[in-house]
Amino acid sequence: MFPKPFKVSFLFTFYFLFSFTIVLAQPISGSKTVCTTGCDYPTLNAAVSALNLNGVATGGAIIEIANGHTETLPNAGLSLGSATLNASLSASNPLVIRKSLTAGAKPVFTSGAGTGG
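My aim in this report is to walk through the structure given alongside it, one point at a time. Bear in mind the structure is a predicted one, so any value in this text is a computation, not a measurement.

## Comments concerning helix α2 (residues 44–54)
Consideration 1: Burial in α2 covers these residues: Leu44, Ala47, Val48, Ala50, Leu51, Asn52 and Asn54.
Consideration 2: Phi turns positive, to about 75°, at Gly55, one or two residues after α2.

As structure tokens, this is what we get:
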């Protein structure tokens, strides 16, 4: 039905996407950083999204926000918690979100526009 090159490229594409998904779907573990460039996550929003999607690995995770980091939060705010994340948390698998322990300016988070009621 399809020429051979299509079948081969389709299978390669499917295999690549499947393999890539498996790599991305790993629970978050160890210490991860949030900063504008050169860190694990560019925003706290990205870190929260990853946690909600993948959960926390055995031993827990620490999300450390860099000194002086600034971020405008989404209009709807941040929602930390999902079936996956909540099921992965325990006393032996904690989640810690904190400012960098080194001396420096505190992170600043600005509220999104939101809506009033």
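## Considering the state of the cysteines
Consideration 1: Inspection of the entire model under this criterion finds one disulfide.
Consideration 2: Across the disulfide from Cys35 sits Cys39; the S-S distance is 1.8 Å. Given an S-S torsion of about 100°, the disulfide between Cys35 and Cys39 has right-handed geometry.
Consideration 3: On the basis of relative accessibility, which here comes to 12%, the residue Cys35 falls in the buried class.

## Observations concerning the pattern of salt bridges
Consideration 1: Taken as a whole, this structure holds one salt bridge when the rule is applied.
Consideration 2: For Arg98, the salt bridge is made with Glu64, and the minimal N-O distance between the two is 3.1 Å. Residue Arg98 is located in strand β4 (residues 95–99), and its partner Glu64 is located in strand β2 (residues 56–65); the two are separated by 34 residues in the primary sequence.

## Quick notes on the sheet that holds strand β1 (residues 28–34)
Consideration 1: Pairing within the open sheet is parallel, and its three strands lie in the order β1-β2-β4. Single-partner strands in this sheet number two, and they are β1 and β4. Each strand of the sheet is rotated relative to its neighbour by a mean of 10°, with strand direction disregarded.
Consideration 2: Here six bridges tie β1 to β2, and the two strands are oriented parallel to one another. Across the sheet, the residue bridging to Ser31 is Ile62, located in β2.
Consideration 3: The strands touched by α2 within the sheet are β1, β2 and β4, with β2 carrying the most contacts at an inclination of about 170°.

Analysis parameters
Residues numbered from 1 in each chain as written. Predicted model: local features only at pLDDT ≥ 70, side-chain atom pairs only at ≥ 80, totals over all residues. Heavy atoms only, no water. Buried < 20%, exposed > 50% of the residue type's maximum accessible area, 1.4 Å probe, protein only. Helix = DSSP H or I, 4+ residues; strand = E, 2+ residues; numbered from the N terminus. Disulfide = S-S within 2.5 Å. Salt bridge = Lys/Arg side-chain N within 4 Å of Asp/Glu carboxyl O. Pairing = 2+ DSSP bridges. Axes fitted to C-alpha atoms, helices over the stretch in contact; angles between N-to-C directions. Contact = heavy atoms within 4.5 Å.

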